[in-house]
Structure formats: C-alpha cells, structure tokens
Amino acid sequence: KEVNPPDRFSSPAAKLGFFWPALPRLSLAPPRRRCCAETMKDGRSFAVVLVTAPDLKTARRLARSALRARLAACANLVPKIESHYWWEGKLEKGAEVLLLLKTTRARLAALEQLVLKDHPYDTPEFLVLPLAGGTKRYLAWLADSVTRGG
C-alpha cells in the first residue's frame, strides 16, 4: 500500500506559505528479505499454554511452580484481564490474571498435572496452542530451559 504526501500547494499549510518538500512515494510494505529459513525453526515440538488465575498471587505461585519443576521455560503474567464466561448455567464475569507458559510438547502432560493439582478453580483453564515456528535461538533456549536448565 502506498502513501503519498499531501499536495504541496493545496494543503492548509501551503495556504499559509509553508510547503512540503518534494518526497518520493512512500511504501508501507515491509522490506524484502531473504527467506527466514536461516533464523526460523519448525515449532511443532513446542507449545504455549494459556491458564487463567483468580489473582496475581495465585498466578505467581503457579508460574514459579512450573518454572522450578522445569515444565515451562518462561511464564508471562498478564494482570487485570476481564473474563466473561458461562458457569453453572449463569453468565458470569470477573477479573483474572492470564498466564502464558512456553514449553515443549513433551512436558505438556506434567505441566497439566501440576496446574490441575495446584489451581484453586474446580475447572481451571488449560489451553494448548501449538507453535508453527520460532527463531532457532529462542526455541533452542526454550528446549534447554525445560531440560538442563538453560
């Protein structure tokens, strides 16, 4: 998509005696790059897990437990989300904290067990999002972090 500067003689600024310099046509398209195969890696052996918690204290406890057990390489906590959902036949809403846990598919079952055991909800959210890919260095760090402790 191309963006052109305003007509330098019809703009409000031009009417006051100010003129835009002659600019080349600008493009919002990203610059062309070589194929990303050199830096990207297939991500099918990795996953991002979504878990909601009732408060920051609970979210931090779950994150620390998963990290200490080497079941996740990274935990992002997104506070102050507002959730709307059906529960026991009623439409409910509440403030929650969203955890994004990065892990390997090999560690998913153990991570699920830990979350289900330590979570205060009767039916905690545990959603697994498969990865299509990621940078080689990041995915190598992720894999190392849940095994040897990168």
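On a predicted model such as this, the values are computed, not experimentally measured, just so you know.

**Some words on the pairing of strand E6 (residues 90-104)**
- Sheet topology places strand E4 (residues 46-53) next to E6; eight bridges connect them, and they run antiparallel. Looking at the pairing, Thr-52 lines up with Leu-98 of E6.
- Two strands pair when backbone bridges link them, and strand E5 (residues 74-87) and E6 are joined in this way by twelve bridges, in the antiparallel orientation. In the sheet register, Leu-77 faces E6, and the bridge partner there is Leu-99.
- Where E5 folds back on E6, the antiparallel hairpin that results is connected by two residues, among which Glu-88 adopts a positive phi of roughly 50 degrees.

**Description of the nonpolar core**
- Judged by nonpolar contacts, the single largest core of 18 residues is most densely connected at Val-49, Val-51, Leu-99, Leu-101, Leu-111, Val-115 and Phe-126.
- Listing elements by their share of this core, those giving two or more residues are E4, helix H2 (56-68), E6 and helix H3 (108-118).
- The contact partners of Val-51, leaving out residues within four places of it in the chain, are Val-97, Leu-98, Leu-99, Leu-101, Val-115, His-119, Glu-125 and Phe-126.
- If you look at the next biggest cluster of nonpolar residues, it comprises five residues, including Phe-46, Leu-139, Leu-142 and Val-146.

Calculation notes
- Throughout this document, residue positions are counted from 1 along each chain, in the order its sequence is written.
- Whole-chain, interface and lining totals are the exception, using all residues; otherwise, since this is a predicted model, local features are given only for residues with pLDDT of at least 70 and side-chain atom pairs are given and counted only at 80 or more.
- Side-chain metrics in this entry use all non-hydrogen atoms of the structure; hydrogen atoms and water are not considered.
- Here, a strand pair is defined by DSSP locating no fewer than two bridges between the strands.
- Numbering of helices and strands starts at the N terminus; helices are DSSP runs of H or I of at least 4 residues and strands are runs of E of at least 2.
- Note on terminology: a nonpolar core comprises buried Ala, Val, Leu, Ile, Met, Phe, Trp, Tyr and Cys residues joined through side-chain atoms within 4.5 Å.
- Burial classification: accessible surface area is computed with a 1.4 Å probe over protein chains only, and a residue below 20% of its type maximum counts as buried, one above 50% as exposed, and the rest as partly exposed.
- By the convention used here, residues are in contact when the closest approach between their heavy atoms is within 4.5 Å.

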